[in-house]
Amino acid sequence: MTMSAEASPELDPRAGSLAELLQLAVPLILSSSSVSLMHVVDRVFLTWFSPDALAAALPAGMLHWTLLALPIGLASYVTTFVAQYDGAKRPKQVSLVVWQGIFTAIAGGILVTATAPIAGTLFQWVGHSRDVQRMETIYFTTLCLGSLPVLLVATVSCFFSGRGKTQVVMWVSLSGTAVNMGLDWCLIFGQGPFPRWGILGAAIATIAGQLVSLGIYTVLLLQPHLKHEYAFLAQCKLNAPLLLRYLRFGLPNGLRSLIDILAFTIFVMLVGRIGRDTLAATTLVFNVNTLSFLPMIGLGTAVMTLVGRRVGEGRAELAVRTTWLAFKLSSVYMICFAILYLFLPNLLMSPYAAYSDPSTFAQIRVFVVILLRFAAVFAFFDAMLIVFSSAVQGAGDTRFCLLFTLVVSLLVLVIPTWLALQYVDQKMIACWSACTAFIVVMGVGFLLRFRTGHWKSMRVIEPAE
């Protein structure tokens with residue numbers, strides 16, 4: 001199905017229309033939703049396995065994503081270059097920039113893998129309980145060893161998503177997710193001939209899913225029909241001017257991703273000092289929130305692609321219409337989840353509680369109900385943040401994104417959370433208030449930046465000769 005999706009001609013709906021947006025966005029939303037479901041299932045299984053495993057999964061996973069943030073943010077920005085080159089009808093440059101992304105992804109994967117030996121020291125410094133520390137170390141170390149496939153998948157997927165071939169991305173993502181979820185059940189609980197590895201099994205299942213996705217993308221990139229138009233294999237070479245241009249725009253995007261994820265990682269680590277139940281509740285709420293958040297990342301990728309294409313075509317005004325359409329869709333979606341958070345919290349918790357120890361889960365449940373109210377408040381602003389940040393990044397406004405994220409992360413999230421732990425009695429409430437304020441300020445800030453229209457005169461690609 002992936003091969004036919006790439007090879008078959010796609011409908012060409014009117015530029016700037018809702019049909020065009022949905023044609024690109026729906027497969028990406030389904031792809032992101034599958035990733036979201038994978039994380040939810042992963043955490044549900046770990047909840048059934050032990051509360052310590054649940055508490056360990058989020059901080060260890062977020063620390064790994066913190067290390068991946070810069071290279072994966074750089075890798076994902078290949079989408080903008082591909083979209084703008086594709087809009088400018090320059091297919092050879094599309095392949096050439098993807099190879100620049102692949103080379104940088106390999107370098108980033110090697111560097112992240114090299115951090116695996118320091119995991120024990122890192123989690124000892126954080127100060128979580130000894131059993132949680134042990135599981136955090138296992139999970140983090142294993143994920144680090146599988147960093148290279150993650151970065152390569154993020155890079156080569158841009159060859160398809162940036163050209164609007166989002167159905168390919170969807171089917172590849174669904175395939176990797178299916179492998180991950182199946183191995184989760186087998187390796188966490190030791191089903192059939194598989195060993196009972198707990199949190200180690202969850203990490204190995206994640207890596208296996210990425211390797212399957214990478215294998216499928218490799219087969220697709222070697223298809224004969226790509227040889228003539230894009231000369232993909234022939235463009236396998238370093239191009240210093242293009243590499244430098246890619247780094248000039250992509251590095252701020254990577255650094256912005258690093259700062260964003262690092263801020264939330266610090267937040268989770270600090271909240272973990274309050275207690276195991278608070279950390280477990282925070283993990284559970286963030287995990288539930290991925291059901292709303294990650295699908296909107298797919299919509300954001302579609303916005304970035306379409307804005308990049310319109311800029312490459314020299315029709316930036318059409319990108320404005322697309323962005324507002326995307327914001328309306330995402331707002332309705334997020335408000336529906338806010339209603340669920342407020343009025344059906346027990347329904348959202350039921351999968352986690354199904355096979356958990358009732359006495360252990362009782363206190364976690366109380367905390368989760370409280371924290372879901374915060375999630376209901378910031379859900380709408382999350383939609384605002386995703387859509388409008390994607391739009392300005394699609395045009396090339398990455399330096400503003402970097403500086404704004406840095407300032408707001410420090411002044412609204414990290415420093416207030418640390419002060420709350422030192423001086424406030426209701427520590428959990430104060431910490432989550434800072435988290436909510438951070439998302440609200442980020443959403444409003446990117447909306448205002450989009451409305452200035454400064455991004456309309458930007459483009460990341462060089463003028464055609």
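All residue numbers refer to positions counted from 1 along the written sequence of the respective chain. Owing to the predicted nature of the model, reporting of local features is limited to residues with pLDDT of at least 70; listing and counting of side-chain atom pairs is limited to 80 or more, with chain, interface and lining totals taken over all residues. Side-chain measures were taken over the full set of non-hydrogen atoms in the model, leaving aside hydrogen atoms and water.

**Some words on the overall build of the protein chain**
Thinking step 1. Strands here are runs of E lasting at least two residues and helices are runs of H or I lasting at least four, both read from the DSSP assignment and numbered beginning at the N terminus. Counting its secondary structure elements, the protein chain contains 18 helices and 0 strands.
Thinking step 2. Our radius of gyration is a C-alpha quantity, and the globule rule it is checked against amounts to 2.2 Å times the number of residues to the power 0.38. Computed over C-alpha atoms, the radius of gyration of the protein chain comes to 21 Å, within 12% of the 23 Å expected from 2.2 N^0.38 for 465 residues, which places it in the range of a compact globule.
Thinking step 3. Taken along its principal axes, the extent of the C-alpha atoms in the protein chain is 65 × 50 × 35 Å.
Thinking step 4. Each residue gets one of three labels from its accessible area relative to the maximum for its type: buried under 20%, exposed over 50%, partly exposed in between, using a 1.4 Å probe on protein chains only. For the protein chain, the proportion of its 465 residues judged to be buried stands at 59%.
Thinking step 5. Here, two residues are considered to be in contact whenever any of their heavy atoms come within 4.5 Å of each other. Intrachain contacts of the protein chain at a sequence separation of at least 6 include 85% that bridge at least 24 residues.
Thinking step 6. Carbon and sulfur atoms form 69% of the exposed surface of the protein chain, whose accessible area is close to 18400 Å². Areas reported as accessible are Shrake-Rupley estimates using a 1.4 Å probe. Residue values count occlusion only from the protein chains shown.

**Some points on the pattern of salt bridges**
Thinking step 1. Salt bridges are defined by distance alone: a side-chain nitrogen of Lys or Arg within 4 Å of a carboxyl oxygen of Asp or Glu. Tallied over the entire structure, the rule returns 5 salt bridges.
Thinking step 2. In this structure, E317 engages K456 in a salt bridge whose closest nitrogen and oxygen atoms are separated by 3.0 Å. One end of the pair, E317, is in helix 14 (residues 316-343); the other, K456, is in the segment after helix 18 (427-452), and 139 residues separate them in sequence.
Thinking step 3. Look at E317 and you get exposed, because its relative accessible area is 52%.
Thinking step 4. On the basis of relative accessible area, K456 is assigned to the partly exposed category, the value being 33%.
Thinking step 5. For D397, the salt bridge goes to R449, with nearest N and O atoms at 2.7 Å.

**Let's talk about the confidence of the model for the protein chain**
Thinking step 1. Per-residue confidence from the predictor is reported as pLDDT, a score between 0 and 100. Per-residue confidence for the protein chain averages 87 on the pLDDT scale, and 95% of its residues sit at or above 70.
Thinking step 2. Per-residue pLDDT, averaged within each element of the protein chain, yields its smallest value for helix 1 (residues 2-7) (44) and its largest for helix 18 (95).
Thinking step 3. Overall, residues 1-11 carries pLDDT values under 50, and its contacts beyond four positions in sequence, including any with other chains, amount to 24 contacts.

**Some thoughts on unusual backbone geometry**
Thinking step 1. Within the chain, K89 stands out as a residue other than glycine whose phi angle is a positive 60°.
Thinking step 2. Secondary-structure assignment places K89 in the loop between helix 4 (78-87) and helix 5 (91-113).
Thinking step 3. Phi at A231 is positive, roughly 50°, even though this residue is not glycine.
Thinking step 4. Residue position: A231 is located in the loop between helix 11 (225-229) and helix 12 (240-272).
Thinking step 5. Under the relative-accessibility criterion, A231 is labelled buried at 12%.

**Describing a nonpolar patch on the surface**
Thinking step 1. Without a salt bridge and with relative accessible area above 30%, a residue can belong to a patch; like charges are then joined within 9 Å and nonpolar side chains (Val, Leu, Ile, Met, Phe, Trp, Tyr) within 5 Å. Taken together, the side chains of L406, V407, L410, L411, I415, W418, L419, Y423 and V424 define a hydrophobic patch exposed on the protein surface, amounting to about 840 Å² of accessible area.
Thinking step 2. Relative to the helices and strands, V407 resides in helix 17 (residues 398-423).

**Some remarks on the packing of aromatic side chains**
Centre-to-centre distance and the angle between the planes together describe a pair of aromatic rings.
Thinking step 1. In this scheme Phe, Tyr and Trp rings, the latter by its six-membered ring, pair at centre separations within 6.5 Å, and the angle between planes marks the pair as stacked below 30 degrees, edge-to-face above 60, and tilted otherwise. One pass over the full model with this rule turns up 35 aromatic pairs.
Thinking step 2. Between F81 and Y85 the ring centres are 6.4 Å apart and the planes differ by 45°, which places this aromatic pair in the tilted class. Taken together, the residues F81 and Y85, both in helix 4 and 4 residues apart, mark about one turn of the helix.
Thinking step 3. Residue F81 is classed as buried on the basis of its relative accessible area, which comes to 0%.
Thinking step 4. Judged by its relative accessible area of 0%, Y85 is buried.
Thinking step 5. Look at F404 and F446: their rings are 5.4 Å apart centre to centre, the planes differ by 85°, and that puts the pair in the edge-to-face class. In this pair, F404 is assigned in helix 17 and F446 in helix 18, connecting sequence segments 42 residues apart.

**Some thoughts on the packing of helix 4 against helix 8 (residues 147-161)**
Thinking step 1. All axes are obtained by fitting lines to C-alpha atoms, using only the stretch in contact for helices, and the reported angles, taken between N-to-C directions, cover 0 to 180 degrees. Where helix 4 meets helix 8, the closest approach of the two axes is 8 Å, and the angle between their N-to-C directions is 25°. Overall, the two elements helix 4 and helix 8 adopt an arrangement that is roughly parallel. Like other packed secondary-structure pairs, helix 4 and helix 8 cross with a definite hand, here right-handed. On helix 8, the residues touching V78, T79 and V82 of helix 4 are T155, C158, F159 and S161. Small angles under 35 degrees read as roughly parallel and large ones over 145 as roughly antiparallel, with 65 to 115 read as roughly perpendicular and the rest as oblique. Helix crossings are classified by the rotation of the near helix relative to the far one: an anticlockwise turn of less than a right angle makes the crossing left-handed, while a clockwise turn makes it right-handed.

**Some points on the side chain of Q235**
Thinking step 1. One can find Q235 in the loop between helix 11 and helix 12.
Thinking step 2. Contacts described as polar in this section are N or O atom pairs within 3.5 Å, which, within protein, must combine one atom able to donate a hydrogen with one able to accept it, while residues neighboring in sequence count only if both atoms come from side chains. Within the local environment of Q235, its side chain forms a polar contact with the backbone oxygen of K92, the two atoms lying 3.0 Å apart.
Thinking step 3. Apart from the residues within four sequence positions on either side, Q235 is in contact with K92, S95, L96, W99 and Y230.

**With respect to the environment of A88**
Thinking step 1. Of note, A88 is situated in the loop between helix 4 and helix 5.
Thinking step 2. Along the chain, A88 and G176 lie 88 residues apart, while their C-alpha atoms are 32 Å from each other.

**Some words on the nonpolar core**
Thinking step 1. The criterion is simple. A nonpolar core is a set of buried Ala, Val, Leu, Ile, Met, Phe, Trp, Tyr and Cys residues joined through side-chain atoms within 4.5 Å. One finds F81, F159, Y217, F267, W432 and W455 to be the most contacted residues of the largest nonpolar core, which totals 149 residues.
Thinking step 2. A per-element tally of this core places helix 16 (residues 358-395) first, with 20 residues.
Thinking step 3. When near neighbours in sequence (up to four residues on either side) are disregarded, F81 contacts V97, L242, R245, Y246, F249, V460 and I461.

**Thoughts on the state of the cysteines**
Thinking step 1. Note on terminology: pairs of cysteine sulfur atoms within 2.5 Å are recorded as disulfides. As enumerated under the stated definition, the model contains 0 disulfides in all.
Thinking step 2. Unpaired in terms of disulfides, C431 finds its nearest cysteine sulfur in C435, a separation of 9.7 Å.
Thinking step 3. Exposure remark for C431: the relative accessible area of 0% places this residue in the buried category.

**Some words on the environment of Y352**
Thinking step 1. Mapped onto the elements, Y352 comes out in helix 15 (residues 345-353).
Thinking step 2. Taking the relative accessible area as the measure of exposure, Y352 reaches 2% and is therefore buried.
Thinking step 3. Distance from Y352 to L46, taken between C-alpha atoms, is 8.9 Å for residues 306 residues apart in sequence.
Thinking step 4. When near neighbours in sequence (up to four residues on either side) are disregarded, Y352 contacts V40, R43, V44, T47, W48, L284, N287, V288 and F361.

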